[in-house]
Each structure stands twice: as structure tokens, then as C-alpha cells.
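# Coordinate inspection notes
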Amino acid sequence: MTRQTEIRLAPRLLRLLIAFSAAILLPVSVSGAAAADGGKSARTWTVQVGSESSDQAIQGMAFLPEKIYVNAGDKVTWRANSAEIHTVTFLAKGQSLESTQPFNPAVPADVTQIGGKDYDGHSYYNSGVMTNVSDSGFVQVKKYTLAFANEGDFTYYCLVHGMAMKGTVHVRAAGTEYPYSQSQYDHQSAKQERAILRDGERQWDAARDQSGENTVIAGTDNGTSMVMRFVHREIEIRVGESVTFINNGMGAPHTVTFGTEPANFFAPLGDRDHFSGGDLNSGLMTPHSSYTVTFMKAGEFDYICALHDYMGMVGTVVVRK
């Protein structure tokens, strides 16, 4: 190759190098922390509601991301990401979370969508019951969107899990540069989901150690990760012996329900001191509570958590003579 040929090829090579460099740098500039338009265009952001393992045994009590920064005029869409039920609830000015607790399916304000599509910054807004399955027993809400016109820091809660599950929408002036892109929020959320799953597995191992011959752990959680299983769920005892069910979690309620699931599973039902079969219900077992049943007849007695049986929280007590 002559020197003249090399000189003619150099501009072509230079153009190729510039194009290759631009192809590499383009995704970085698009997904960088600050928006290319300086945050002037209204955007819609996505927050995941909950998380779960592939078998639904471990559920996450978290909005992912927990904090999101948007500009006035932007929208936020919350998407159901777990079988466990959650709500997205902004309390009215002066209203306390304690006044809404515990979550009650019989209260319309707890389970129905309230408020318009534009958040006013001070009224009660509720998404309804968000879940990614259709058999939770509630009207399914897959996604919920609000527009934010007013600047401020707006905290919201899941009514089901209270203080254990809250998030914040930080609304700044229109045109403010965004600190994170949606892809960066998604990356953070995926990392949190993996951490929640690991936490749940550790709790499951601890619950196995806490269960015993006459003890069943009725779910457990650490305020973020929930194990939606009866641990030592198949237990064998003798007639006249008792089984104690313990909810040793921090945030998730459960029930122990034998027989037909009652219309109101919040209310205790049946004689737990002399159980020989039929309908028996613990009522709502809040965290750190227990429920003991004495079995007076031989047989196999199936039970469920009336709140979480649809995701596999079931068990059996085998009573021998």
C-alpha cells in the first residue's frame, strides 16, 4: 500500500472511529442521572408495588423505589408486583396512620379507589387493592397512576402493612434536572428485590429452628421480607394434645382457619379448646400473637391462612389415637 492510499483511507477510518465512539456513548447519555432536556418535558415514572419469589412463598413489603424524584407536571404509575395485597394510600392532611389501622376489608375507604387522577397534595387518595393475581379475594388493581402538579414531599403507605411499607414522592419545580433515570431506579429496585429474597430465605431457616413437635410458625417477617408459609405445616400429634401457632413477624397478619372459610375471617369462630373437626377460625393474628388448638378426635385436619391461602399458605394436623 502506497503512502497516498494510506492518506486517502485515514478520513474513512476516522469517521468509523467517531461513529463507533458515538454508539458506545449514546446509551450513557440517554440513561445518565440528569435528563437530556433538563427535566423540562413531563414524564411518567414507574414504581413497583411489592416483590415476590417465583413460588410466591417469600413476599416483599416495599415500594421499589421507596423514594422517587419527579417534577411538577409529571405522573407516577404504581404497578402491582406481588400476589400479596397492597395499597398506595396518601392520607388526608391531619389524618394519622393509626386511624386507618388495622386494614379492614369491610371498610370501603380501605379497599376501593378514592380520589381523582390528579393528586392535590392534601386529600385522601387510595389505589384500591393492588395485586398481580386475580384470586386474592379482592377486586384486582394492576396499576394506579397519579399526576403531581404541586411541589412538595408526599409520603404514602400501604394500608395493609402500615409503617412497615411506605414511600415518598419528591416533587420539585418543573425543569429541575432529574437525579436518576427510570433505568437507574429499575436497577436499584432489582438489587433490592434480590436482597429481600435473601432476607426471606434466612427468616425461613430461622423459623424452622423455632418450630417444634407441637409448634407451627404461622408466617414470619422482618418488616420487609415476609415468609407466606406455615413452617412445620404438616404436624403429627396424639388425641388430647395441642398445637400452638405463632405469628412471630413484625408486620404481616395471618389466620389459622379450619373447615369452611368464614365470611368474616377477622372474627374468632369455634371452640379451640375442644376441637373435633368442623369450622374453627383464629380471627386476625397480628404480629407477636399466638393461637393454641387442642384436638379431641383422631383424623386429618387441613387448615389455611384465610388471607394468604391463594399463594400456598396451608397445612395439615394429623391426630393419632
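So, here's what we can say about the structure. (Residues numbered from 1 in each chain as written. Predicted model: local features only at pLDDT ≥ 70, side-chain atom pairs only at ≥ 80, totals over all residues. Heavy atoms only, no water.)

## A closer look at unusual backbone geometry
Trans peptide bonds make up the majority, and among non-glycine residues the majority have a negative phi. In plain terms, the rule: Segments assigned H or I by DSSP are reported as helices when at least four residues long, segments assigned E as strands when at least two residues long, and all are numbered from the N terminus.
Omega for the peptide link from Leu 64 to Pro 65 comes to 0°, which places this bond in the cis form. Relative to the helices and strands, Pro 65 is located in the loop between strand E2 (58–64) and strand E3 (67–71). Residue Pro 102 follows Gln 101 across a cis peptide bond; omega there is -5°. Despite not being glycine, Gln 56 has its phi angle at roughly 70°, a positive value. Summarising the element assignment, Gln 56 is placed in the loop between strand E1 (44–52) and E2. In the Ramachandran plot, His 288 falls in the positive-phi region, its phi being about 70° despite a non-glycine side chain. With respect to the secondary-structure elements, His 288 resides in the loop between strand E17 (280–281) and strand E18 (289–294).

## Brief notes about the pattern of salt bridges
Keep this limit in mind: The working definition used for a salt bridge is a side-chain nitrogen of Lys or Arg within 4 Å of a carboxyl oxygen of Asp or Glu. Relative accessible area decides the class of each residue, using a 1.4 Å probe on protein chains only: under 20% of the type maximum gives buried, over 50% gives exposed, and in between gives partly exposed.
The tally for this structure, following the rule as stated, stands at 3 salt bridges. The closest approach of N and O atoms between Glu 236 and Arg 320, which form a salt bridge, is 3.3 Å. One end of the pair, Glu 236, is in strand E14 (residues 234–238); the other, Arg 320, is in strand E20 (residues 314–320), and 84 residues separate them in sequence. Of the residues examined, Glu 236 reaches a relative accessible area of 52% and is grouped as exposed.

## A word on the pairing of E14
Side-chain positions along a regular strand alternate between the two faces of the sheet. This is how it is decided: A pair of strands is considered paired only if DSSP assigns at least 2 bridges between the two.
In E14, alternate side chains face the same way, and those of Ile 235 and Ile 237 are buried while those of Glu 234, Glu 236 and Arg 238 on the opposite face are not. Relative to E20, E14 is paired through 5 bridges, and the arrangement is parallel. Within the sheet, the bridge partner assigned to Arg 238 lies in E20 and is Arg 320.

## Re the side chain of Thr 100
Operational definition: Any pair of nitrogen or oxygen atoms within 3.5 Å is treated as a polar contact; in protein, a donor-acceptor pairing is required on top of that, and neighbouring residues in sequence qualify only through side-chain atoms on both sides. We call two residues contacting when some pair of their heavy atoms lies within 4.5 Å.
Position of Thr 100 relative to the elements: it lies in the loop between strand E5 (89–90) and helix H2 (108–111). The exposure class assigned to Thr 100 is buried, which follows from its relative accessible area of 8%. Here the side chain of Thr 100 touches Leu 97 through a polar contact of 2.7 Å, landing on its backbone oxygen. When sequence neighbours within four positions are dropped, the list of residues in contact with Thr 100 reads Leu 91, Gln 95, Asp 110 and Leu 159.

## Let's talk about the sheet that holds E17
Sheet strands line up and pair through hydrogen bonds in the backbone, either parallel or antiparallel. Overall, mixed pairing links the 5 strands, which are arranged E14-E20-E19-E16-E17 in an open sheet. Single-partner strands in this sheet number two, and they are E14 and E17.

Geometry only, nothing functional implied.
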